[in-house]
Amino acid sequence: MEGNIKYYRRLLGLYFEYIRRKTVLKNLPVRLWIELTSHCNLRCVMCPNKDLGPDKKGYMDFEVFKKLVDEAQEYMFDVSLLHRGESLLHPEFVKFLNYVTQYKWRTKLHTNGTVLTKEVSKEIIKSGLYRVSFSFDGYTPKTYEKIRVGAKFDEVVDNIRNLLILKKEMKARYPIVAIELIDFPNSEISDLEKRKVFLKNFEGFDVELVIKKIHNWAGYMKLKGKKIKFTPCTFLWHGIIVLWNGRAMPCSQDFFEYYPLENIKDMSLREIWNGERLVNLRKKHVNKDIADLETCNNCDRVWRKTFMGIPTEYLFDLLRGKMP
């Protein structure tokens, strides 16, 4: 209860700083993404990862991770072990997981599930991880494997089921297990009959099904749709990302590091939060001066419907403290 009160108090403080267009913030961020690795074993049709250069591929060092987590635990509420790569590919994933879950915050993992073994599933459950979500963009093998290139439908379904079976056997409350699907144009996501058949794979288990709207990865994907009124990106006022090499980033859509911030090896996350680079980026959004910002100007997330400045698609989840 106390944690929830602190979360909403900080969230409200950040919101007021956002609508007042403050660029140097008194409130610290509430959400953190940590990229354990930028390597991925799939080549999904919508994901920019397959076009990342060799210089942008690597694995986070544990000492960098420890420094980041030890500082962030003082003020973060929501920590996600994901960004551009598949976190389970990190050779020391379990070590990282056990270290981060010792702190009292909501730790989340997002995975494609292809390399999830029973042994790692046991470690995930034992760690007390709050939530694990699986990318699964199709109800049938044909659709899924066409989108998630390199993955096998039946194998991933088995991996998810094994996790659920172990969770039940271990009488564990966590992690919450979610299956996420992107609603592609002309996809089968709205086919209720196919959905029913798909969910039979997880009958008897507590599983969330999350349907997500597709976005254009800051212009990487060419999607139909018109620009709506520009609104400064809310992400710059509430969250931050740290890449495998310690480099902080202002936004998850900046996949190719067009606008990098400082490195946590050289500065604290607190300093980066109100550092020159991020403050200047907030100013450019406030002044609607984003024409020279490749990712921001091409991103569909600053040209969408909002309510009181917050994207309507996330409003309810944000207020519940249950952002995916």
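Residues numbered from 1 in each chain as written. Predicted model: local features only at pLDDT ≥ 70, side-chain atom pairs only at ≥ 80, totals over all residues. Heavy atoms only, no water.

## Considering the nonpolar core
Now for step 1: Grouped together as the largest cluster of nonpolar side chains are 89 residues, with contacts concentrated most on Leu32, Ile34, Phe65, Met76, Phe136, Ile240 and Leu269.
Now for step 2: When residues in this core are grouped by element, the largest group, 7 residues, is from helix α6 (residues 153-169).
Now for step 3: Discounting residues that sit within four places of it in the chain, phenylalanine 65 has contacts with Ile34, Leu36, Met60, Leu81, Phe96, Tyr99 and Val100. (Core = buried A, V, L, I, M, F, W, Y, C linked by side-chain atoms within 4.5 Å. Buried < 20%, exposed > 50% of the residue type's maximum accessible area, 1.4 Å probe, protein only. Helix = DSSP H or I, 4+ residues; strand = E, 2+ residues; numbered from the N terminus. Contact = heavy atoms within 4.5 Å.)

## Digging into the environment of serine 121
Now for step 1: Along the chain, serine 121 turns up in helix α4 (residues 118-127).
Now for step 2: Along the backbone, serine 121 and valine 94 are 27 residues apart, and their C-alpha atoms lie at a distance of 10.0 Å.
Now for step 3: Ignoring anything within four residues of it in the chain, the contact list for serine 121 reads Leu116, Leu163 and Leu166.

## Brief notes about the environment of asparagine 98
Now for step 1: Mapped onto the fold, asparagine 98 is located in helix α3 (residues 93-100).
Now for step 2: The spacing of asparagine 98 and isoleucine 124 is 26 residues in sequence and 8.4 Å in space, taken between C-alpha atoms.

## Describing the packing of helix α2 (residues 62-72) against α3
Now for step 1: Running from N to C, α2 and α3 cross one another at 15°; their axes reach a closest spacing of 11 Å. Accordingly, the angle class assigned to the pair α2 and α3 is roughly parallel. When the axes of α2 and α3 are compared, the crossing they make is right-handed. Contacts from Phe62, Phe65, Lys66, Val69 and Asp70 of α2 reach α3 at Lys95, Phe96, Tyr99 and Val100. (Axes fitted to C-alpha atoms, helices over the stretch in contact; angles between N-to-C directions. Parallel < 35°, antiparallel > 145°, perpendicular 65-115°, else oblique. Left-handed = near helix turned anticlockwise from the far one by under 90°.)

## Let's talk about the sheet that holds strand β2 (residues 78-81)
Now for step 1: The strand order β6-β5-β4-β3-β2-β1-β7-β8 describes an open sheet built from 8 strands, whose pairing is mixed. Of all strands in the sheet, those with a lone pairing partner are β6 (208-213) and β8 (248-249), marking the two edges.
Now for step 2: Taken together, the 4 bridges between strand β1 (residues 31-34) and strand β7 (residues 239-242) define a ladder with parallel strand orientation. Across the sheet, residue arginine 31 finds its bridge partner in β7, namely glycine 239.
Now for step 3: α6 rests against β4 (131-135) and β5 (176-183) of the sheet, and its axis sits at about 155° to β5. (Pairing = 2+ DSSP bridges.)

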